[in-house]
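Chain by chain, the residues:
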Amino acid sequence: MGQAKARGPYAKTPARRAEIVRAARDSFAENGYAKASLRDIAERAGITHAGLLHHFRNKEEVLAQVLAERDAEDWRQGLEQVDSPDRLAPYLAELIRHHQKAPELMRLWIELAAAASRPGHPAHAYFAERYERGRAQFTEGLHGTAARGTLREGISPESAAVLFHAVLNGLQMQWVLDPDLDIVGPVTDFVRLLFDDVDPADHPQTFAGD
């Protein structure tokens, strides 16, 4: 006997969750987190409020998934686009401009990251693992540049990885407080401080992921 297909409003759960996350991202960006409602998100996703609650227990859980997928998307693009030190600054400039188009999501990410600093917070493990993974990936790429002499002398790959995340996150927080502040220029200058001039054709695949 063949396996019965899933029926009803809870069929195709992964696809339905993806639809809810996309709807939530739009709702948060347009209305802000406080004013966005689960009923609005459900309506945008084309399901009932009860159907949404089958996939997510509350709005906080939806927000965490929205931000996690935003992170994953940025991560994939970085691995695809940054294959040398010369590609890092243009990619970061593009990434920042993309985030600035949805300032509410940037603000929510900063707020959740700060709240998750408490060990008992539900998102604490996610953010701790996120930063650990990011530092490890960046450090691995930088060890290659250090061996070839492109990482500026006196800066260790480990320190550069920590500084990279601190500068990128700190600049975005400053922009949320002052949207007129230019943060693309400073992040580009920071990358120049990390590396000696290098021709990407001479050092392919420096930052490529597995």
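From a predicted model like this one, the values you see are computed outputs, not experimental measurements.

Between its first and last C-alpha, helix α5 (residues 85-100) extends 24 Å over 16 residues, near the 22 Å set by a 1.5 Å rise per residue. Those residues of α5 lying buried are P85, L88, A89, Y91, L92, A93, L95, I96 and H99.

Attention now moves to the packing of aromatic side chains. In the structure shown here, the tally under the stated rule is 4 aromatic pairs. Between W109 and F127, the aromatic rings sit 5.6 Å apart at their centres with planes inclined by 70°, giving edge-to-face as the arrangement. With W109 in helix α6 (residues 103-115) and F127 in helix α7 (residues 124-148), the pair connects residues that are 18 residues apart, well separated along the chain. Under the relative-accessibility criterion, W109 is labelled buried at 8%. Ring centres of Y126 and F127 lie 5.3 Å apart, and the angle between their planes is 80°; this geometry places the pair in the edge-to-face category. When its relative accessible area of 29% is taken as the criterion, Y126 is described as partly exposed. Through a chain of ring-to-ring contacts, three or more aromatic side chains come together here, namely W109, Y126 and F127. Residue placement shows K59 over the ring face of Y33; its charged tip is 4.4 Å from the ring centre. Between R130 and the ring centre of Y131, over which it is positioned, the NZ or CZ distance is 5.0 Å.

To continue, consider the environment of D189. With respect to the helices, strands and loops of the structure, D189 is situated in helix α9 (residues 184-194). What makes D189 partly exposed here is its relative accessible area of 42%. Sequence separation of D189 and A89 is 100 residues, and the distance between their C-alpha atoms is 8.4 Å.

This brings us to the nonpolar core. In this structure, F28, I41, L52, L88 and L92 are the most contacted members of the largest nonpolar core, which totals 54 residues. When contributions to this core are tallied by element, the ones reaching two or more residues are α1 (13-31), α2 (38-45), α4 (59-81), α5, α6, α7, α8 (157-177) and α9. Setting aside residues no more than four positions away along its own chain, L88 makes contact with V82, F138, F164, V191 and F195.

Further remarks concern the environment of V62. In this fold, V62 is placed in helix α4. For V62, a relative accessible area of 0% translates into the label buried. Sequence spacing of V62 and V21 is 41 residues, and the spatial spacing of their C-alpha atoms is 6.8 Å. The contact partners of V62, leaving out residues within four places of it in the chain, are A24, F28, L38 and F56.

This part covers the packing of α5 against α8. Following both chains from N to C, one finds α5 and α8 inclined at 30°, their axes separated by 12 Å at the closest point. Of the possible angle classes, the one that applies to α5 and α8 is roughly parallel. By crossing handedness, the relation of α5 to α8 is classed as right-handed. Touching L88, L92, I96, H99 and Q100 of α5 are F164, L168, Q172 and W175, all from α8.

Parameters at a glance
Residues numbered from 1 in each chain as written. Predicted model: local features only at pLDDT ≥ 70, side-chain atom pairs only at ≥ 80, totals over all residues. Heavy atoms only, no water. Helix = DSSP H or I, 4+ residues; strand = E, 2+ residues; numbered from the N terminus. Expected span 1.5 Å × (residues − 1). Buried < 20%, exposed > 50% of the residue type's maximum accessible area, 1.4 Å probe, protein only. Phe/Tyr/Trp six-rings, centres within 6.5 Å; stacked < 30°, edge-to-face > 60°. Lys NZ or Arg CZ within 6 Å of the ring centre and 35° of its normal. Core = buried A, V, L, I, M, F, W, Y, C linked by side-chain atoms within 4.5 Å. Contact = heavy atoms within 4.5 Å. Axes fitted to C-alpha atoms, helices over the stretch in contact; angles between N-to-C directions. Parallel < 35°, antiparallel > 145°, perpendicular 65-115°, else oblique. Left-handed = near helix turned anticlockwise from the far one by under 90°.

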